Amino acid sequence: QVQLVESGGSSVQAGGSLRLSCAASGYDFSSYSMGWFRQAPGKEREGVARIYSGGIAGTYYADSVKGRFTISKDTAKNTLYLQMNSLKTEDTAMYYCAADRGWYKAIRGDFDYWGQGTQVTVSS
């Protein structure tokens, strides 16, 4: 059974940094694409970053976080990370980890498996 557990969310001041982690289990981590999404109250869910697996390699970043956030993974630890630097108040949201087999659906932001989220709050 695919399980994704996020951690690392916290309350930080604008300009600070935070690293989110997503511990994955129950599947072949290396064969799944992974992503980070976020949702603020009253807002639509937003894709933040993706890292692809399989035939298409590479990463995706939303323009709003490009240059500030970095998605990475440690295959040996089955863990996905999101390093967030230069945080802004606009980054405040619940952050979710997601996974999907291969890359075919993930490349368009469609993921089947989701964690429960970790809260990130950025104060001015």
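See above for the structure.
Attention here is on the structure that accompanies the text.

Here is what the cut-offs are and how they apply
- Residues numbered from 1 in each chain as written.
- Predicted model: local features only at pLDDT ≥ 70, side-chain atom pairs only at ≥ 80, totals over all residues.
- Heavy atoms only, no water.
- Helix = DSSP H or I, 4+ residues; strand = E, 2+ residues; numbered from the N terminus.
- Disulfide = S-S within 2.5 Å.
- Buried < 20%, exposed > 50% of the residue type's maximum accessible area, 1.4 Å probe, protein only.
- Pairing = 2+ DSSP bridges.
- Axes fitted to C-alpha atoms, helices over the stretch in contact; angles between N-to-C directions.
- Salt bridge = Lys/Arg side-chain N within 4 Å of Asp/Glu carboxyl O.
- Patch = residues over 30% accessible without salt bridge, like charges linked within 9 Å, V, L, I, M, F, W, Y side chains within 5 Å.
- Areas by Shrake-Rupley, 256 points an atom, 1.4 Å probe, with all protein chains shown as cover.
- Contact = heavy atoms within 4.5 Å.

Below, the discussion takes up unusual backbone geometry. Unusually for a residue other than glycine, Asn-78 sits at a positive phi of about 50°. On the secondary structure map, Asn-78 appears in the loop between strand 7 (69-74) and strand 8 (79-84). Notably, Ser-86 is not glycine yet its phi reads approximately 50°, a positive angle.

Turning to the state of the cysteines, a few remarks are in order. Summed over the entire model, instances satisfying the criterion amount to 1 disulfide. In this model Cys-22 forms its disulfide with Cys-97; the gap between the sulfur atoms is 2.0 Å. The disulfide joining Cys-22 to Cys-97 has a torsion of about -75° about its S-S bond and is therefore left-handed. On the criterion of sequence distance, the pair formed by Cys-22 in strand 3 (residues 18-25) and Cys-97 in strand 9 (residues 93-101) is long-range, its members being 75 residues apart. In this structure Cys-97 comes out as buried when scored by relative accessible area, which is 0%.

Taken in spatial order, the 4 strands of this open sheet run 1-3-8-7, and their pairing is antiparallel. A single partner strand is all that each edge strand has here, and the edge strands are strand 1 (3-7) and strand 7. Looking at each pair of strands side by side, their axes are set apart by 15° on average, direction ignored.

A few words on the pattern of salt bridges. All chains considered together, the criterion is met by 7 salt bridges. Its salt-bridge partner being Lys-66, residue Asp-63 comes within 3.4 Å of it at the nearest N-O pair. Take Asp-63: its relative accessible area is 66%, and that puts it in the exposed class. Between Lys-105 and Asp-112 there is a salt bridge whose closest N-O contact spans 3.0 Å. The partly exposed category is assigned to Asp-112, whose relative accessible area is 43%.

So, on to a nonpolar patch on the surface. There is a patch of nonpolar side chains on the surface, built from Trp-103, Tyr-104 and Ile-107 and spanning about 310 Å² of accessible area. Given a relative accessible area of 30%, Trp-103 falls into the partly exposed group.

Next up on the list: the environment of Phe-111. By secondary structure assignment, the location of Phe-111 is in the loop between strand 9 and strand 10 (113-114). Look at Phe-111 and you get buried, because its relative accessible area is 5%. For the pair Phe-111 and Ser-33, spaced 78 residues apart in sequence, the C-alpha to C-alpha distance is 8.5 Å. In contact with Phe-111, not counting residues within four places along its chain, are Ser-33, Met-34, Gly-35, Phe-37, Arg-50, Ala-98, Ala-99, Asp-100, Lys-105 and Ala-106.

Tracing the chain through its elements places Ile-71 in strand 7. Taking relative accessible area as the criterion, Ile-71 reaches 4% and is therefore assigned buried. It is 5.7 Å that separates the C-alpha atoms of Ile-71 and Tyr-81, two residues lying 10 residues apart in sequence. Leave out the neighbours within four places in its chain, and Ile-71 touches Met-34, Gly-35, Trp-36, Ala-49, Arg-50, Ile-51, Thr-59, Tyr-61, Leu-80, Tyr-81 and Leu-82.

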